Every structure is written in structure tokens, then in C-alpha cells.
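Close look at the chain arrangement
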Amino acid sequence: MSGRWVEVGDGVLARRYAELDLTVGLVVGAERALVVDTRGDVAQGAEWAAAVRAVTALPLVVAITHAHFDHCFGTAAFLPCPVHAHPACRAAILATAAAQREEWSAHYRERGDTATAAALAGTDPPLPDHPLPDHRLPDHRLPERGAPVVLDLGGRTAALRHPGRGHTDHDLVVHVDDVVFAGDLVEQGAPPSVGPDSVAAEWPATLDALLALGPRVVVPGHGDPVGPAFVAVQRDELQRDG
């Protein structure tokens, strides 16, 4: 359950977990702190929230990068607070939470991890309540790359952006100073996960948009923080494989 902190900037922290090689984030301002993703069930969320509270007692804001269980099922531990996400993230949680819960509870039971299986089976993930503006083309089919939502944390800002579609159709990244929390648009230690809800053909262009932000550090949804050169290689691999 326990994780380890990795400092990627002044007051900008990643927290690494062996389970699923997951990486979540914390950005500390003078007045508020931003939590990036909430882990995979009520117990994991509670551990993550306690780790945050060991660092800061400031009021919290949450940003969810996408609707996969390991990134958003632990949100209840952070409430009450604003929970930001792409508007399609809320719809995806509503549509897929039950199936994700069943699939991954079975996975943990088969692995002999009955505690995680039970915690996940008992988790009903809260829904994001602060959607990003839903920038779409007139036919309502293709999400556009819209202007960010900028959060004032006190003395610093964090920009929440939808750089395009890739791992899902609703990927959100968090840009603060020269650090970008990329969610599962980027993975270190394993190839990017292309699933049934991915938009693989658009993923390389989405990574181009991420790189255009000029990050010094990119924090992936799984694995250790990386630099822009790593992201460029992953983009090229996705382009080649696509």
C-alpha cells in the first residue's frame, strides 16, 4: 500500500506505487493543493489522502486524468473538494465503473490479493463535479484542443488541459511550471496501453501538443518521471505502430 515521494519541482511531487507501477501527483500552493488522480479503491484512496495530509493541511482540489479505475476510484477519500475532469470522463465513469470493478476485483482475487479485491468490490467512485469546457466540432464528434482551466493555488497556477485524444477520448493533463502530469498518455517501464477506448490514430498528435507545452519533466501515469526526449520516442513508436 505504501508509496514513495519523488520531487519533480518546487512543491511539485509525484508519488510512486509498486501496485500497477502507478504514479499520482501533488502540487502545493500557498493557499490550496492540487491532487492529480486518486488511486484505485477506497483503501488506496485513503492511504494516498493520508500521505497528502502528511505533507500539507491546505484545502484540496482534485484533477482526474481519465476514467480508468486505478486513477479515479479513490476519490471519496479527498471529499469534500472540487473534482475536475474532462466532461467525457464523468460519462465514462458512469458507463464503465461496474464493469471495471467486476473485472479487476476478479483479477485481484485470482492473484490471491483478497484485501484489494474486497476494497475494490466495495468502491462506488464519486463522479467529477467540475468539468472542463467541452470544446467540440459542430458535429459533436471530435473533441477539440480547448483553452485550459487555470487553477489558482495561491502564488502559483496549474493549467488543466485536454491536449487531444489518445489513451482515451478524454485525457486530461496538468501543467504546472515546467512539469506536466500526463496520465496514461505517457508510460515509463512499459509500452503505452492501447485499449478499446483508445484513439490510437490521434495519440501521436496529442503527444505533440503535450510537448509543445515545453516541459522539463513529464510525470507518466505509470512509471518514473521522464524528460521530453522520452515522450518523443514514445510518440514515434506510436506513430510507427499505428
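If you're wondering where the values come from, they're calculated on a predicted model, not measured in any experiment.

Looking now at the sheet that holds strand β3 (residues 23–28). Reading across from one edge, β1-β2-β3-β4-β5-β6-β7 is the order of the seven strands in this open sheet, with mixed pairing throughout. The open sheet has two edge strands with one neighbour each: β1 (4–9) and β7 (130–131). With respect to the sheet, helix α1 (residues 42–55) is in contact with β1, β2 (12–16), β3, β4 (33–36) and β5 (60–63), its orientation differing from that of β3 by roughly 30°.

The next point concerns the pairing of β2. Of all the five residues making up β2, five are buried; the element is thus mostly covered by neighbouring parts of the structure. Where burial is concerned, the two faces of β2 agree: the one with V12, A14 and R16 and the one with L13 and R15 are both buried. Summarising the sheet, β1 and β2 pair through five bridges and their orientation is antiparallel. Each residue of the ladder has a partner; that of W5, found in β2, is R15. Between β1 and β2, which pair antiparallel in sequence order, lie two residues; one of them, G11, sits at a positive phi of approximately 70°. As paired elements, β2 and β3 share five bridges and run antiparallel to each other. Bridge pairing in β3 links V12 to V27.

Here is what the cut-offs are and how they apply
Residues numbered from 1 in each chain as written. Predicted model: local features only at pLDDT ≥ 70, side-chain atom pairs only at ≥ 80, totals over all residues. Heavy atoms only, no water. Pairing = 2+ DSSP bridges. Helix = DSSP H or I, 4+ residues; strand = E, 2+ residues; numbered from the N terminus. Contact = heavy atoms within 4.5 Å. Axes fitted to C-alpha atoms, helices over the stretch in contact; angles between N-to-C directions. Buried < 20%, exposed > 50% of the residue type's maximum accessible area, 1.4 Å probe, protein only.

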